[in-house]
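Below, each chain spelled out in residue letters.
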Amino acid sequence: MTSEGLPDLRREPHPNPTPTAERERLVAAPSFGTLFTDHMFTMSYTEGQGWHDASIQPYGPITMSPAAAVLHYAQEIFEGLKAYRYPDGGIGLFRPEANARRLNLSAERMAMPKLPEPWFIESIRELLAVDGGWVPGEDETSLYLRPFMFASEQFLGVRPAKEYRYLVIASPAGAYFKHGPKPLTLWVSDEYNRAGPGGTGAAKCGGNYAASLLPQSEAMENGCDQVVFLDAVNYEYVDELGGMNLFFAYENDQVLYTPKLGTILPGITRDAIFTLATEAGWEVRETDYSMTRWREDAESGALTEAFACGTAAVITPVGTVKGRSGEFQVNGGEAGKFTMQLRQTILDIQHGRAEDTHNWTMRIA
Ligand SMILES: *Cc1c(COP(=O)(O)O)cnc(C)c1O
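Predicted model only: the values in this text are computed from it and were never measured. (Residues numbered from 1 in each chain as written. Predicted model: local features only at pLDDT ≥ 70, side-chain atom pairs only at ≥ 80, totals over all residues. Heavy atoms only, no water.)

Trainee: Teacher, can you tell me more about the UniProt feature "modified residue: N6-(pyridoxal phosphate)lysine" (unreviewed entry) in the protein here?
Mentor: Within the UniProt annotation, "modified residue: N6-(pyridoxal phosphate)lysine" (unreviewed entry) is assigned to Lys204. Residue placement: Lys204 occurs in the loop between strand 9 (184–189) and helix 5 (206–221). (UniProt positions renumbered as here; feature names shortened; annotations may be inferred. Helix = DSSP H or I, 4+ residues; strand = E, 2+ residues; numbered from the N terminus.)

Trainee: Teacher, can you tell me more about unusual backbone geometry here?
Mentor: It is generally the case that most residues other than glycine have a negative phi and that most peptide bonds are trans. The phi dihedral of Glu140 is positive, around 65°, even though this residue is not glycine. Structurally, Glu140 can be placed in the loop between helix 4 (117–131) and strand 7 (142–151). With relative accessibility at 22%, the residue Glu140 sits in the partly exposed group. Not every positive phi belongs to a glycine, and Tyr235 is a case in point at roughly 50°. With respect to the helices and strands, Tyr235 occurs in the loop between strand 10 (226–230) and strand 11 (238–241). (Buried < 20%, exposed > 50% of the residue type's maximum accessible area, 1.4 Å probe, protein only.)

Trainee: Can you walk me through helix 5 in this structure?
Mentor: Two residues of an α-helix separated by three or four positions point the same way, owing to the 3.6 residues in each turn. Counted at 1.5 Å a residue, the expected span for helix 5 with its 16 residues is 22 Å, and the 23 Å between its end C-alpha atoms agrees. Along helix 5, the sharpest change in direction is near 35° and occurs at Leu213; proline Pro215 comes one to four residues later. Tucked into the core, helix 5 has its buried residues touching strand 9 and strand 10. Positive phi shows up at Gly223, right after helix 5, with a value of about 75°. (Expected span 1.5 Å × (residues − 1). Bend = angle between axes of the 7 residues up to and from the residue. Contact = heavy atoms within 4.5 Å.)

Trainee: What exactly am I supposed to notice about the nonpolar core here?
Mentor: When a protein is soluble and globular, its nonpolar side chains tend to lie buried together. Core analysis: the largest hydrophobic core is formed by 42 residues, its most contacted members being Met43, Phe120, Leu128, Leu145, Met149 and Tyr166. Those elements that provide at least two residues to this core are strand 2 (39–46), strand 3 (50–58), strand 5 (81–85), strand 6 (91–94), helix 3 (96–109), helix 4, strand 7 and strand 8 (163–173). Ranked by residue count, the leading element in this core is helix 4, at six residues. (Core = buried A, V, L, I, M, F, W, Y, C linked by side-chain atoms within 4.5 Å.)

Trainee: Sorry, what's going on with the packing of aromatic side chains here?
Mentor: Each aromatic ring pair is specified by the distance between its two centres and by the angle formed by the two planes. Counting across every chain of the model gives 17 aromatic pairs. Ring centres of Phe247 and Phe307 lie 5.2 Å apart, and the angle between their planes is 20°; this geometry places the pair in the stacked category. Taken together, the residues Phe247 in strand 12 (residues 245–250) and Phe307 in strand 15 (residues 305–310) connect sequence positions 60 residues apart. Like Phe247, the residue Phe307 is buried in the burial classification. Ring-pair connections join several aromatic residues into one group, and the members of that group are Phe248, Tyr250, Tyr257, Tyr289, Trp294 and Phe328. A cation over a ring is seen here: Arg293 above Tyr257, with NZ or CZ 4.3 Å from the ring centre. (Phe/Tyr/Trp six-rings, centres within 6.5 Å; stacked < 30°, edge-to-face > 60°. Lys NZ or Arg CZ within 6 Å of the ring centre and 35° of its normal.)

Trainee: How should the domain arrangement of the protein be read in this particular structure?
Mentor: When the parts of a complex come together, some accessible area is lost, and that lost area is often taken as the interface size. Considered domain by domain, the protein is made up of domain 1 (10–173) and domain 2 (184–350). For domain 1 versus domain 2, the separation of C-alpha centres amounts to 28 Å. Facing the 18 residues of domain 1 at the interface are 22 residues of domain 2. At the boundary of domain 1 with domain 2, total buried surface from both sides reaches about 1800 Å², with 60% on carbon and sulfur atoms. The three residues of domain 1 that bury the most area against domain 2 are Phe78, Phe94 and Arg102, which together make up 34% of that side's buried surface. Here domain 1 is connected to domain 2 by two salt bridges. (Domains from an automatic or database assignment. Buried area = accessible area lost by both parts, 1.4 Å probe. Salt bridge = Lys/Arg side-chain N within 4 Å of Asp/Glu carboxyl O.)

Trainee: Explanation requested: the packing of helix 3 against helix 4 in the structure shown.
Mentor: Between two packed helices, both the angle of their axes relative to each other and the distance between the axes serve to describe the pair. The contact between helix 3 and helix 4 brings their axes to 9 Å, and the two run at 125°. Of the possible angle classes, the one that applies to helix 3 and helix 4 is oblique. Crossing handedness for the pair helix 3 and helix 4: right-handed. Note on element contacts: helix 4 touches helix 3 through Glu117, Phe120 and Ile121, opposite Pro96, Glu97, Asn99, Ala100, Arg101, Leu103 and Asn104. Here the residues of the contact of helix 3 with helix 4 sort into five nonpolar, two polar and three charged. (Axes fitted to C-alpha atoms, helices over the stretch in contact; angles between N-to-C directions. Parallel < 35°, antiparallel > 145°, perpendicular 65-115°, else oblique. Left-handed = near helix turned anticlockwise from the far one by under 90°. Nonpolar A, V, L, I, M, F, W, Y, C, P; charged D, E, K, R; others polar.)

Trainee: How do you make sense of the pairing of strand 8 when you look at a structure like this?
Mentor: Side-chain direction in a regular strand flips from residue to residue, so the side chains alternate between the two faces of the sheet. Counting buried positions along strand 8 yields 10 of 11 residues, so the element is predominantly enclosed. In terms of strand pairing, strand 2 meets strand 8 through six bridges, oriented antiparallel. Residue pairing in the sheet places Tyr45 in a bridge with Tyr164 of strand 8. Relative to strand 8, strand 7 is paired through 10 bridges, and the arrangement is antiparallel. Pairing of Ser142 across the sheet is with Ala173, part of strand 8. (Pairing = 2+ DSSP bridges.)

If you want it as structure tokens, here you go:
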């Protein structure tokens, strides 16, 4: 299998693409995840043959067998990254190689085929070459890219499938928060968990999200925005949110704590924060961080700020933490200074407004 050029690449332009004026109207006020661009990228995999039939084609329904393995045993993985409109009108990505690498780590855990990493980048380049006009330009907006892979083989037996499809679709995303980030209210689930040791917590797979929906609904019924998952063994140590990693800032010590990798998703935003916080003079420590410590240190004021991070919402302060045993606030429920500084720093790099001293951005137009 060669990784030079997408295999059998075919470009089939949309016969009636969205007219420019209409596209500009749509892109100006997008609602996340409901509006998609004119095209999609798709490619197939067959055991023995490898990847084949790459194509850019009009966005639309795909046909598959009702016996496709993904519909029964959930062999499905995905990635999430954004294309940003730079101040000079160009388009850039933030650390797409890291998404390519992570997709393959997820593939390995789910017994799925790897995708040569250059092809991951090329698939996005090809899609943006036809749909670059869908990258919005307003402050803090972006075009959200969703690469994903699933088992398409028609077979009900339980074993890794022999056929897969890989697609990339794109959805314009508005500013997550219209007037700056509102501190999150979190619900601590002491009944459900998302990942145990040896499980799939480190893989970005749809199944992890399916398991998080019931506790997420419980969080919402309790007036919270998101659920905090604890470790599956003791229900004592913090893992992460349903789709975001967590950090705890101790300003007096200039130390930032975050749960160590293992059962959590290795976030690319999380990884970038290690570098940016270190450059700001903070020490970052990966550690077991208990619920007891979170509450006690928030109440004593030793813990000065807490925040969640991920591609979708970037960096978002945590204001209030609720659970069956009561509630407490971090930093009086307000967004903290360090959180907001980090947020601005990373946004400026992502949107091409600050110099990229880490070689994190990839200009593609
Ligand atoms: C995608 C994801 C994150 C955030 O990862 P980023 O690479 O920073 O976007 C965190 N937790 C979970 C469960 C995720 O699926």
